[in-house]
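Now for the letters of each chain:
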Amino acid sequence: MKNPLASLHPTLMLGLALTVLIVLLGAPAFDQAFWAGVFRWAHVLAGLLWVGLLYYFNLVQIPALAAMPEESRPAIARFVAPKALFWFRWSAVATVLLGLVTAMLSGYLSALWTLGLDGSGPRHTMIGIGMWMALVMAANVWVVIWPCQKKALGIVPAEPAQKQRAARTALLAGRFNLLLSFAMLYAMVMAKSVG
């Protein structure tokens, strides 16, 4: 019998099955609070993928490419970066959409517009700030980073000078997201801990 951990899809299916088992052991009521929790879980899962890839690019891939011999770099650009960027940009979309649904089901959606300045309190301020930072980061992924990476990686035609400028712009935009990520995560995590 083949080990299910030897392949990605069986591992993912077993992880999902284990999660469903734990859900059922909790005897859920399938009410609004349950669904808010399910969407929060999915939001956190997507966010882990998105921010995890952001950290991978900034802490692993970019420094490794700088230290790598020039002749080895095309392999990363051809095989690793496009796949990582696919998951990076779509996990950003999933994180935002699941976060908005979670906010709606949990009664925090107004925080996006009011930042708690309507008297709803510091919890809504923290959630609102975190949501706005995440929206800026997601827009940055799609409007700046991805178009520049397509040029830098040769996915779309570009002159060598354009590729170099695009790579630099993508790097700086990614670093901007890295900068925002710490405060954004703090705001999201600590929202439950404030008044």
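Residues numbered from 1 in each chain as written. Predicted model: local features only at pLDDT ≥ 70, side-chain atom pairs only at ≥ 80, totals over all residues. Heavy atoms only, no water.

Student: What's the story with the overall build of the protein in this structure? I'm lost.
Tutor: Within the protein, the secondary structure is distributed over six helices and zero strands. Each helix (α) and strand (β) of the protein, taken in turn from the N terminus, gives the series α-α-α-α-α-α. Along the first, second and third principal axes, the C-alpha set of the protein runs to 55 × 55 × 25 Å. Put simply, the protein has 195 residues, and 30% of those count as buried. The contacts of the protein with a sequence gap of at least 6 include a subset with a gap of at least 24, amounting to 66%. When the accessible area of the protein is evaluated, it comes to approximately 11,900 Å², of which 73% is carbon and sulfur surface. Looking at charge distribution, the protein has the averaged site of its 14 positive side-chain charges lying 3 Å from that of its 5 negative ones. (Helix = DSSP H or I, 4+ residues; strand = E, 2+ residues; numbered from the N terminus. Buried < 20%, exposed > 50% of the residue type's maximum accessible area, 1.4 Å probe, protein only. Contact = heavy atoms within 4.5 Å. Areas by Shrake-Rupley, 256 points an atom, 1.4 Å probe, with all protein chains shown as cover. Lys, Arg positive; Asp, Glu negative; His and termini not counted. Charge placed at Lys NZ, Arg CZ, Asp CG, Glu CD.)

Student: What is the right way to look at unusual backbone geometry in this model?
Tutor: You will see that Phe30, though not glycine, has its phi angle at about 55 degrees, which is positive. Residue position: Phe30 is located in the loop between helix 1 (8–25) and helix 2 (32–67).

Student: I'm lost on the pattern of salt bridges in this one. Help?
Tutor: Any two side chains of opposite charge can pair if their charged atoms end up close together. Evaluation of the coordinates by the stated rule reveals one salt bridge. Among the salt bridges present, the one from Arg73 reaches Glu70, with a minimum N-O distance of 3.1 Å. (Salt bridge = Lys/Arg side-chain N within 4 Å of Asp/Glu carboxyl O.)

Student: How should I be thinking about the packing of aromatic side chains in this particular structure?
Tutor: Following the criterion strictly, the structure yields nine aromatic pairs and no others. Between the aromatic rings of Phe34 and Trp35, the centroid separation amounts to 4.8 Å while the plane-to-plane angle is 80 degrees, which identifies the pairing as edge-to-face. By relative accessible area, Phe34 is classed as buried at 18%. When its relative accessible area of 37% is taken as the criterion, Trp35 is described as partly exposed. One aromatic cluster is present, formed by Phe30, Phe34 and Trp35 through successive ring pairs. The aromatic ring of Trp146 is capped on one face by Arg89, whose charged end is 3.7 Å from the ring centroid. (Phe/Tyr/Trp six-rings, centres within 6.5 Å; stacked < 30°, edge-to-face > 60°. Lys NZ or Arg CZ within 6 Å of the ring centre and 35° of its normal.)

Student: It is not clear to me how the nonpolar core should be interpreted in this structure. Could you clarify?
Tutor: Here is a general trend for soluble globular proteins: nonpolar side chains tend to be buried in one another's company. With 20 residues, the main nonpolar core has Trp50, Phe57, Phe88, Met137, Val141 and Met184 as its most contacted residues. Secondary structure elements with two or more residues in this core: helix 2, helix 3 (73–106), helix 5 (122–152) and helix 6 (160–190). Considering every element that reaches this core, the biggest residue donor is helix 5, with seven residues. Discounting residues that sit within four places of it in the chain, Phe88 has contacts with Trp50, Leu53, Leu54, Phe57, Val141 and Ile145. Within the second largest apolar cluster, nine residues are counted, among which are Leu112, Met126, Ile127 and Ala187. (Core = buried A, V, L, I, M, F, W, Y, C linked by side-chain atoms within 4.5 Å.)

Student: How do you make sense of the environment of Ala46 when you look at a structure like this?
Tutor: With respect to the helices and strands, Ala46 occurs in helix 2. Taking relative accessible area as the criterion, Ala46 reaches 12% and is therefore assigned buried. Ala46 sits 52 residues away from Leu98 along the chain, and the two C-alpha atoms are 8.2 Å apart. Aside from chain neighbours lying at most four places away, what touches Ala46 is Ser91, Ala94, Thr95 and Leu98.

Student: Please explain the environment of Trp113 as it appears in this structure.
Tutor: Mapped onto the elements, Trp113 comes out in helix 4 (residues 111–114). With relative accessibility at 63%, the residue Trp113 sits in the exposed group. Separated by 18 residues in the primary sequence, Trp113 and Met131 place their C-alpha atoms 9.9 Å from one another.

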